[in-house]
Amino acid sequence: MSARFDERDTGKRVEAIAKGGDGVEPEQILEVVKSVMASIDGDLSTVNLKFYAEIESLAKFIENLKLELAAVRPDEINDEHLPAAADELEAIVGATEQATNTIFEAVEAIEELTAKMNKKVAPQVSDAVTRVYEACGFQDITGQRITKVVTALKHIETKVEALLEAFGEEIRQLPGHERPDNPEPPDGSEMHGPQLERDANNQDDIDAILASLD
Amino acid sequence: MSAIDMKTPILIVDDYKTMLRIIRNLLKQLGFDNVDEATDGSTALQKLREKPYGLVISDWNMEPMTGLELLKEVRADTQLKELPFIMITAESKSENVVAAKQAGVSNYIVKPFNADTLKTKLTAVVGDF
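Everything quoted here is computed from the prediction, not taken from an experiment. (Residues numbered from 1 in each chain as written. Chains lettered and ligands numbered in written order. Predicted model: local features only at pLDDT ≥ 70, side-chain atom pairs only at ≥ 80, totals over all residues. Heavy atoms only, no water.)

**Student:** I would appreciate a short explanation of the confidence of the model for chain B in the present structure.
**Tutor:** Do not read the predicted coordinates in detail wherever pLDDT is low. Of the residues in chain B, 98% reach a pLDDT of 70 or more, and the chain-wide mean stands at 92. By mean pLDDT, the top-scoring element of chain B is strand 1 (residues 10-13) of chain B (98), and the lowest-scoring one is helix 4 (residues 94-103) of chain B (91). (pLDDT = per-residue confidence, 0-100. Helix = DSSP H or I, 4+ residues; strand = E, 2+ residues; numbered from the N terminus.)

**Student:** How should unusual backbone geometry be read in this particular structure?
**Tutor:** For residues other than glycine, phi is negative in most cases, and the peptide bonds are mostly trans. Residue and element names in this part refer to chain B. The peptide bond linking E63 to P64 adopts the cis configuration, its omega dihedral lying at 0°. Mapped onto the elements of the fold, P64 is located in the loop between strand 3 (55-58) and helix 3 (67-76). The linkage connecting K111 with the following residue, P112, adopts the cis geometry, with an omega of -10°. One can find P112 in the loop between strand 5 (107-110) and helix 5 (115-126).

**Student:** So what exactly am I meant to see when it comes to the packing of aromatic side chains here?
**Tutor:** The geometry of two aromatic rings is summed up by the distance between their centres and the angle between their planes. Residue and element names in this part refer to chain B. One pass over the structure, following the stated rule, counts 3 aromatic pairs over all chains. With centroids separated by 6.5 Å and ring planes inclined at 75°, the aromatic side chains of W60 and Y108 adopt a geometry described as edge-to-face. One end of the pair, W60, is in the loop between strand 3 and helix 3; the other, Y108, is in strand 5, with 48 residues separating them in the sequence. (Phe/Tyr/Trp six-rings, centres within 6.5 Å; stacked < 30°, edge-to-face > 60°.)

**Student:** How should I be thinking about the sheet that holds strand 1 of chain B in this particular structure?
**Tutor:** Sheet strands pair by backbone hydrogen bonding; their relative direction is either parallel or antiparallel. Residue and element names in this part refer to chain B. Strand order across the open sheet formed by 5 strands is 2-1-3-4-5, with parallel pairing between neighbours. Each of the sheet's edge strands pairs with one partner strand only, and the pair in question is strand 2 (35-38) and strand 5. Strand-to-strand twist across the sheet, computed as the mean angle between neighbouring axes with direction ignored, equals 20°. In this structure, strand 4 (residues 85-89) lies alongside strand 5, joined through 4 bridges in parallel fashion. When the sheet's bridge partners are listed, I88 is paired in strand 5 with I109. (Pairing = 2+ DSSP bridges. Axes fitted to C-alpha atoms, helices over the stretch in contact; angles between N-to-C directions.)

**Student:** Is there a simple way to think about the interface of chain B and chain A in this case?
**Tutor:** Where the parts come together, the accessible area they lose is often given as the size of the interface. Across the boundary between the two partners, chain B contributes 18 residues, which contact 21 residues of chain A. Contact with chain A buries surface across chain B, with Y16(B), R21(B) and Q29(B) losing the most and accounting together for 39% of the total. In this assembly, chain B and chain A are joined by 3 salt bridges. Note that E112(A) and K28(B) form a salt bridge whose closest N and O atoms lie 3.5 Å from each other. (Contact = heavy atoms within 4.5 Å. Buried area = accessible area lost by both parts, 1.4 Å probe. Salt bridge = Lys/Arg side-chain N within 4 Å of Asp/Glu carboxyl O.)

**Student:** I tried to follow empty space enclosed by the protein on my own but got confused; where do I start?
**Tutor:** One way to see where empty space is left: roll a probe the size of a water molecule over the atoms. This model, assessed by the stated rule, comprises 1 cavity of 30 Å³ or more. Forming the walls of the largest cavity are E134(A), G137(A), M19(B), I22(B), K111(B), P112(B) and F113(B). Taken together, the residues that form the lining of the largest cavity break down as 4 nonpolar, 1 polar and 2 charged. (1 Å grid on protein atoms, 1.4 Å probe; cavity = no way out; pocket = protein on both sides within 12 Å on 5 of 7 lines; lining within 4 Å. Points joined across faces, edges and corners; volume = space filled by probe spheres on them. Nonpolar A, V, L, I, M, F, W, Y, C, P; charged D, E, K, R; others polar.)

**Student:** What should I look at first to understand the side chain of Q144(A) in this one?
**Tutor:** With respect to the helices and strands, Q144(A) occurs in helix 5 (residues 137-173). Residues in contact with Q144(A), not counting those within four places in the same chain, are Y16(B), N61(B), A90(B) and K111(B).

**Student:** It is not clear to me how the confidence of the model for chain A should be interpreted in this structure. Could you clarify?
**Tutor:** Per-residue confidence for chain A averages 79 on the pLDDT scale, and 79% of its residues sit at or above 70. The secondary-structure element of chain A with the lowest mean pLDDT is helix 1 (residues 7-19) of chain A, recorded at 74, while helix 4 (residues 121-135) of chain A shows the highest, at 93.

**Student:** Even after reading the chapter, I still don't get the layout of surface pockets, so can you show me in this structure?
**Tutor:** Size it by volume and the largest pocket reaches roughly 430 Å³. Considering the residues around the largest pocket, the lining is formed by 16 residues, among which Q144(A), K148(A), N61(B), A90(B) and E91(B) are closest to the centre. A total of 6 residues in the lining of the largest pocket trace back to one element, the largest contributor, which is helix 5 of chain A. Tallied by class, residues from the lining of the largest pocket come to 5 nonpolar, 5 polar and 6 charged. When its volume is computed, the second largest pocket comes out at roughly 220 Å³. In this structure, the second largest pocket is lined by S126(A), D127(A), T130(A), R131(A), E134(A), L26(B), Q29(B), L30(B), N114(B), A115(B), D116(B) and K119(B). Broken down by secondary-structure element, the contributors of at least two residues to the lining of the second largest pocket are helix 4 of chain A together with helix 1 (17-30) and helix 5 of chain B. Ranked by residues supplied to the lining of the second largest pocket, first place goes to helix 4 of chain A with 5 residues. Residues that form the lining of the second largest pocket fall into these classes: 3 nonpolar, 4 polar and 5 charged.

Structural data, given as structure tokens:
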């Protein structure tokens, strides 16, 4: 770093030059200029160093952020996890609706039979039927709640999509992001629960598979 | 209070077919068997303008026209403005109830509800039946 700038000393030199009239020596001017230049150089260097340090720190932060993002695998979240979760939730709504309709059909049939029941039993059965109707309201409430969750998932998907657009290719190329070429086959300990209807084998499919293995 | 009898047409509006079925069955148990259905506000409004109904029972959350929008349309229509209108909804926040009241709702039932609540609210709106 250059010599420290002494404002008072430089001021005195400038004053001396001014009083000197025509008899100013070039050496005097040179010294003042050198002094000023040295001071400017020194100040800029200090600022620059601080600035570069901040930039370097920011760059490291962004690099770490990218690594952390890559570890989270946001593309996988958007491509697989979120759509799968939404599909599962929508399947719940469909399945509960189907089950509710089946319950309705059975209970409506029972209600029809109350006309043939004796006067003591019929009102009791009718009351029980009413309670079943009321309880079936769960499907409506469940459906509305799940719709809210699906909306929230879609909102998250949009945000992750924006993140991927900003960093997408870079994140995919970062270490730690590679997907295994040969994922381990299930060892039987992993249970995946009920499959979505479009992916599921029905009993005929299962029987066919079993038969093919005989 | 406008009296209705068991033959008075009632329009029930909900985008969940399960809920339509519940309300229809509960109304049937109460003796009302002239019940029509609509699955959104705009279809309901069309039906209301085509046939004289004695009561509307509507959900709130529907698309493209919500139950609240349907209510406002009904109250703005000179032919329909006196029609009893009950809102059955999961929207239980005070501001929702206030908004419905300000729009002219006759009564408000929060889901999940039971048959007794429906009967009580019906009586409050249309009198004894």
